[in-house]
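Here is how the chains run, residue by residue.
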Amino acid sequence: MIRVVLADDQELVRSGFAMILDAQPDIEVVGEAADGAEAVALVRSLAPDVALLDVRMPRVDGLAAARTICASTATKVVMLTTFDSDDYVYDALYAGASGFLLKDVRRDDLVHAVRVVVAGDSLLAPSVTRRLIADLTRNRPRSGPPAALDVLTARERETLVLLARGLTNAEIAAALTVSEHTVKTHVSNTLTKLNLRDRAQAVITAYESGLITPTNQ
């Protein structure tokens, strides 16, 4: 059973998402929070598999909560946001969040997202995600020196480029003419060598290092 904590200061949003998720045979909402502080406390006490966090909440916002949760627990974090206004979602991804969902997400996409992050993947396939990361990396300075990608093999670099473009494992396998199992190995090796939490951070690293840019994707 996949255990989920929901955090949003709008009760209707929380209850709506909870109804959708609880209707699934393999998902259970074990806690609901109205702000980031409550979310962190629930995650620490309940140890859910996934925390869905609204970016904008009172007391402690979703970004601060994501940093704490990602740094101190094994719970996967997915941010709830609106593309036009929540530019600092980039910071949440960099802090370790596995991706984000728009607040008007479709029912099936919400359920899929929870299952995807629990499986160790990230919400990177939708074009809006690539667009967001590309936009934010284009319009803000790098937070530090680019990652040293020379530790990667040529095939791992190719995998990272395709991953950053939003391709799924199956699509990467087709592009490289290898099996999906091989792709998973390349992705795992890349994350380990670059000391990255998940695929979301790998995408950001690809942009920050200059391996891929908004104009060459």
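Since the structure is predicted, the reported quantities are computational estimates derived from the model, not experimental observations.

Rules behind the numbers
- Residues numbered from 1 in each chain as written.
- Predicted model: local features only at pLDDT ≥ 70, side-chain atom pairs only at ≥ 80, totals over all residues.
- Heavy atoms only, no water.
- Helix = DSSP H or I, 4+ residues; strand = E, 2+ residues; numbered from the N terminus.
- Buried < 20%, exposed > 50% of the residue type's maximum accessible area, 1.4 Å probe, protein only.
- Pairing = 2+ DSSP bridges.
- Right-handed = clockwise from strand over helix to strand, strands pointing away.
- Axes fitted to C-alpha atoms, helices over the stretch in contact; angles between N-to-C directions.
- Contact = heavy atoms within 4.5 Å.
- Salt bridge = Lys/Arg side-chain N within 4 Å of Asp/Glu carboxyl O.

A.B. asks: Hey, could you run me through unusual backbone geometry in this one?
C.D. replies: We note that Ala47 has phi near 50 degrees; this positive angle belongs to a residue other than glycine. Along the chain, Ala47 falls in the loop between helix H2 (36–46) and strand E3 (50–54). Residue Ala47 is classed as exposed on the basis of its relative accessible area of 52%.

A.B. asks: Sorry, what's going on with the pairing of strand E1 (residues 2–7) here?
C.D. replies: On a regular strand, each side chain points to the face opposite its neighbour's, so the side chains alternate between the two faces of the sheet. Most of E1 is tucked away, with five of its six residues classed as buried. Looking at chain direction, E1 and strand E2 (residues 27–33) are connected through six bridges and run parallel. Considered in E2, the bridge of Leu6 is made with Glu32. Once the chain exits E1 it traverses helix H1 (residues 11–22) before rejoining the sheet at E2, and the crossover so formed is right-handed. Pairing analysis gives four bridges linking E1 to E3, with the strands arranged parallel. By the bridge assignment for E3, Val4 is matched with Val50.

A.B. asks: Explain the sheet that holds E3 to me, please; I cannot follow it from the model alone.
C.D. replies: Note: strands within a sheet are paired through backbone hydrogen bonds, in either parallel or antiparallel orientation. Reading across the sheet, the five strands line up as E2-E1-E3-E4-E5 and stay open at both edges, with parallel pairing between neighbours. This sheet does not close on itself; its edge strands, each paired only once, are E2 and strand E5 (99–102). Strand-to-strand twist in this sheet, taken as the mean axis angle between neighbours without regard to direction, amounts to 25 degrees. Where strand E4 (residues 76–81) lies against E5, four bridges are found, and the strand directions are parallel. Each bridged residue has a counterpart across the sheet, and for Val78 the counterpart in E5 is Gly99. With respect to the sheet, H1 is in contact with E1, E2, E3 and E4, its orientation differing from that of E2 by roughly 165 degrees.

A.B. asks: Before we go on, may I ask you to explain helix H10 (residues 199–208) in this structure?
C.D. replies: In an α-helix, one full turn covers 3.6 residues, which means residues spaced three or four apart are oriented alike. Most of H10 is tucked away, with 10 of its 10 residues classed as buried. Three or more residues of H10 are buried, namely Arg199, Ala200, Gln201, Ala202, Val203, Ile204, Thr205, Ala206, Tyr207 and Glu208.

A.B. asks: I'm lost on the side chain of Asn169 in this one. Help?
C.D. replies: Among the secondary structure elements, Asn169 is positioned in helix H8 (residues 169–176). Discounting chain neighbours no more than four positions away, the residues touching Asn169 are Glu180, Val183, Lys184, Val187 and Arg199.

A.B. asks: Looking at this model, I keep getting lost on the pattern of salt bridges. Mind explaining?
C.D. replies: Side chains bearing opposite charge may pair, as long as their charged atoms lie close to each other. Here the structure, examined in full by the defined rule, presents eight salt bridges. Among the ionic pairs, Arg115 bridges to Asp26, the shortest N-O distance being 2.9 Å. Of the two residues, Arg115 is situated in helix H5 (residues 107–118) and Asp26 in the loop between H1 and E2; the sequence distance between them amounts to 89 residues. In this structure, Arg106 and Asp109 form a salt bridge, with 3.1 Å as the shortest nitrogen-oxygen distance. Classification of Arg106 by relative accessible area gives exposed; the value is 57%. Through salt bridges with shared partners, a single network forms among Asp8, Asp54 and Lys103.

A.B. asks: Please explain the environment of Ala97 as it appears in this structure.
C.D. replies: In this structure, Ala97 sits in the loop between helix H4 (89–95) and E5. Owing to a relative accessible area of 0%, Ala97 belongs among the buried residues under this scheme. Between the C-alpha atom of Ala97 and that of Thr75, which follows or precedes it by 22 residues, the distance is 9.6 Å. Ala97 has contacts with Cys70, Val77, Met79, Ala92, Asp198 and Ala200, leaving out every residue within four places of it along the chain.

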